[in-house]
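# Report on the structure
Below are the chains, spelled out letter by letter.
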Amino acid sequence: MATINSPKDEFARYCVELLGALGPTRSRRMFGGHGFYVDDVFVALIFEERLYLKADDATRARFEEAGGQPFVYEGGDGKSVSISYYTAPDDAMESPALMRPWARLAMEAGLRAAAAKARKPTKASKAAKAIKPRAAPAKKRPAAKRAAR
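What comes next concerns the included structure. (Residues numbered from 1 in each chain as written. Predicted model: local features only at pLDDT ≥ 70, side-chain atom pairs only at ≥ 80, totals over all residues. Heavy atoms only, no water.)

Quick look at the overall build of the protein now. The helix and strand inventory of the protein stands at five helices and six strands. Moving toward the C terminus, one meets the helices and strands of the protein in the order α-β-β-β-β-α-β-β-α-α-α. Partitioning the contacts of the protein with sequence separation of at least 6, the portion at a separation of at least 24 is 49%. Accessible surface computed for the protein: about 10,500 Å², of which carbon and sulfur atoms make up 55%. (Helix = DSSP H or I, 4+ residues; strand = E, 2+ residues; numbered from the N terminus. Contact = heavy atoms within 4.5 Å. Areas by Shrake-Rupley, 256 points an atom, 1.4 Å probe, with all protein chains shown as cover.)

Next up on the list: the pattern of salt bridges. Under the criterion given, the structure shown has five salt bridges. R29 is the salt-bridge partner of D9, the closest N and O atoms lying 2.5 Å from each other. Separated by 20 residues along the polypeptide, D9 in helix α1 (residues 7–19) and R29 in strand β1 (residues 25–30) bring together distant segments of the chain. You can call D9 buried: its relative accessible area is 6%. Its salt-bridge partner being D57, residue R60 comes within 2.7 Å of it at the nearest N-O pair. (Salt bridge = Lys/Arg side-chain N within 4 Å of Asp/Glu carboxyl O. Buried < 20%, exposed > 50% of the residue type's maximum accessible area, 1.4 Å probe, protein only.)

We now examine the environment of G23. Its place among the elements puts G23 in the loop between α1 and β1. When its relative accessible area of 19% is taken as the criterion, G23 is described as buried. It is 9.8 Å that separates the C-alpha atoms of G23 and D40, two residues lying 17 residues apart in sequence. Ignoring any residue separated from it by four or fewer positions in sequence, one finds G23 in contact with V38 and D39.

For residues besides glycine, phi is generally negative; the peptide bonds are generally trans as well. In the Ramachandran plot, D40 falls in the positive-phi region, its phi being about 65° despite a non-glycine side chain. Inspection of the secondary structure assignment puts D40 in the loop between β2 (33–38) and β3 (41–47). Look at D40 and you get exposed, because its relative accessible area is 61%.

A word on the sheet that holds β2. Taken together, six strands build an open sheet; the order of strands is β1-β2-β3-β4-β6-β5 and the sheet is antiparallel. Strands at the two margins of the open sheet, each flanked by one partner only, are β1 and β5 (70–74). For this sheet, the mean angle separating the axes of adjacent strands, direction not counted, is 40°. Sheet contacts for helix α3 (residues 96–119): β2, β3 and β4 (50–54); angle to β4, the most-contacted strand, approximately 50°. (Pairing = 2+ DSSP bridges. Axes fitted to C-alpha atoms, helices over the stretch in contact; angles between N-to-C directions.)

On to the environment of F11. Relative to the elements of secondary structure, F11 occurs in helix α1. In this structure F11 comes out as buried when scored by relative accessible area, which is 17%. Residues within four places of F11 in sequence aside, it is in contact with I46, E49, R50, L51 and M93.

As a further point, take the side chain of K54. Tracing the sequence through the fold places K54 in strand β4. Buried K54, no salt bridge; nearest opposite-charge side chain is D56, N-O distance 7.1 Å. (Lys, Arg positive; Asp, Glu negative; His and termini not counted.)

Right, dumping it as structure tokens:
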């Protein structure tokens, strides 16, 4: 395991502890921040020293009611892009016990996203369905039988 020396890494380690109330948690550096997996389900990310938890249509309102702010970044065209991650409530950042219900919501959203992705056909499976088997070429009759007809 790599040693954690920077303040960013220390915050990531703290977030692993917070999310660990749900199960085995690991973090991975990505996009200038960290991504978090609980039982191999992507549930959260850190960007600019803020923890964002996975949300979806079923959980978004709970995060918004608790004052959660959406994760927003600037796209390549200069427009703001919002994805389905919201900040955890301030009090949830205090302890794993207070984080548990919010982390559970993120886990549920992550599981739903993974299930939807598994059901979605891939390009390869679509292409395989589009290919129709060719009919075998007709057998040629021997010349003698054709002439006898």
